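Observations on the model geometry
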Amino acid sequence: MKLIYVIISNDDSDRVVYELNKENYSATKLSTTGGFLKKGNTTLMICTEDENVEKVAKLVENVCGKRETVEISVPIPSFSATYSMPMYYNTAKQKVEVGGAVIFAVDVAYYNRL
Ligand code: 2BA
């Protein structure tokens, strides 16, 4: 049994969950934030048999499509010497790949539906 994490854009999330549910995969949606761009994204948790991991990845790929390179303003935090919270953010233009999906899977030690 594997727990698959799928990180996708918020725009693709409803469609991906719809397609997963249609194929009888259950998914839990988490509202997450990308550490680099500091923008909201969606992380799906899908627990399924090992042999389904590639099928889920293919399904996600079909919905999310390919990455593209865009130039955007990336937030650059400035930390004070005293506090670990950023005092302010500067931005810098940078070429970044967006779109697509990030997928990884981990072994599940225990699974039960009570
Ligand atoms: P973010 O961390 O906001 O990253 C958004 C995109 O910015 C990344 O797309 C990547 O193209 C670029 N990027 C990230 N870090 C970079 C850096 N240090 N220098 C230059 N460009 C950088 P993706 O790779 O498709 O990642 C999309 C989102 O998936 C990430 O949002 C993060 O939330 C998550 N993610 C990606 N790799 C991960 C990993 N190894 N572990 C956990 N989460 C990951």
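Preceding block: the structure.
Here is a short report on the structure shown in this document. (Residues numbered from 1 in each chain as written. Predicted model: local features only at pLDDT ≥ 70, side-chain atom pairs only at ≥ 80, totals over all residues. Heavy atoms only, no water.)

1. Side note on the side chain of Lys2
Mapped onto the fold, Lys2 is located in strand S1 (residues 2–8). Polar contacts involving the side chain of Lys2 include one to the side chain of Asp50, which spans 3.4 Å. Side chain to side chain, Lys2 and Asp107 meet in a polar contact 2.5 Å long. In contact with Lys2, other than residues within four places in its own chain, are Ile46, Cys47, Thr48, Asp50, Val53, Ala105, Val106, Asp107 and Val108. (Helix = DSSP H or I, 4+ residues; strand = E, 2+ residues; numbered from the N terminus. Polar contact = N/O pair within 3.5 Å; in protein donor to acceptor, adjacent residues only side chain to side chain. Contact = heavy atoms within 4.5 Å.)

2. Comments concerning the packing of helix H1 (residues 10–22) against helix H2 (residues 53–64)
Following both chains from N to C, one finds H1 and H2 inclined at 140 degrees, their axes separated by 10 Å at the closest point. In terms of axis orientation, H1 runs oblique to H2. Once H1 is placed against H2, the crossing between them reads as right-handed. Counting all contacts with H1, which are made through Asp12, Arg15, Val16, Glu19 and Leu20, the residues of H2 involved are Val56, Leu59, Val60, Val63 and Cys64. Looking at side-chain class alone, the contact of H1 with H2 contains seven nonpolar, no polar and three charged residues. (Axes fitted to C-alpha atoms, helices over the stretch in contact; angles between N-to-C directions. Parallel < 35°, antiparallel > 145°, perpendicular 65-115°, else oblique. Left-handed = near helix turned anticlockwise from the far one by under 90°. Nonpolar A, V, L, I, M, F, W, Y, C, P; charged D, E, K, R; others polar.)

3. Quick word on the sheet that holds strand S2 (residues 28–33)
Read from one edge to the other, the open sheet built from four strands follows the order S2-S3-S1-S6, with strand pairing classed as antiparallel. Looking at the sheet topology across the chains shown, the edges are occupied by S2 and strand S6 (102–107). Direction aside, the axes of adjacent strands within the sheet are offset by 25 degrees on average. Here six bridges tie S1 to S6, and the two strands are oriented antiparallel to one another. (Pairing = 2+ DSSP bridges.)

4. Topic: unusual backbone geometry
The phi angle at Asn24 is positive, at roughly 70 degrees, despite the residue not being glycine. Relative to the helices and strands, Asn24 resides in the loop between H1 and S2. Judged by its relative accessible area of 72%, Asn24 falls in the exposed class. (Buried < 20%, exposed > 50% of the residue type's maximum accessible area, 1.4 Å probe, protein only.)

5. Some remarks on the packing of aromatic side chains
Across all of its chains, the model carries one aromatic pair by this definition. On the basis of an interplanar angle of 35 degrees and a centroid distance of 5.4 Å, the ring pair of Tyr5 and Phe104 is categorised as tilted. One end of the pair, Tyr5, is in strand S1; the other, Phe104, is in strand S6, and 99 residues separate them in sequence. A relative accessible area of 24% means that Tyr5 is categorised as partly exposed. (Phe/Tyr/Trp six-rings, centres within 6.5 Å; stacked < 30°, edge-to-face > 60°.)

6. Considering the pattern of salt bridges
All told, the structure shown has eight salt bridges when counted by the stated rule. For the salt bridge of Lys29 with Asp14, the shortest nitrogen-to-oxygen distance reads 3.0 Å. Of the two residues, Lys29 is situated in strand S2 and Asp14 in helix H1; the sequence distance between them amounts to 15 residues. By relative accessible area, which is 43% here, Lys29 ends up partly exposed. Overall, the relative accessible area of 56% leaves Asp14 in the exposed class. Residue Glu19 is joined to Arg15 by a salt bridge in which the shortest nitrogen-to-oxygen separation is 3.1 Å. Taken together, the residues span about one helical turn, with Glu19 and Arg15 both in helix H1 at a distance of four residues. Overall, Glu19 belongs to the buried group, its relative accessible area being 14%. Overall, the relative accessible area of 48% leaves Arg15 in the partly exposed class. Overlapping salt bridges, with partners in common, bring together Lys2, Asp50 and Asp107 in one network. (Salt bridge = Lys/Arg side-chain N within 4 Å of Asp/Glu carboxyl O.)

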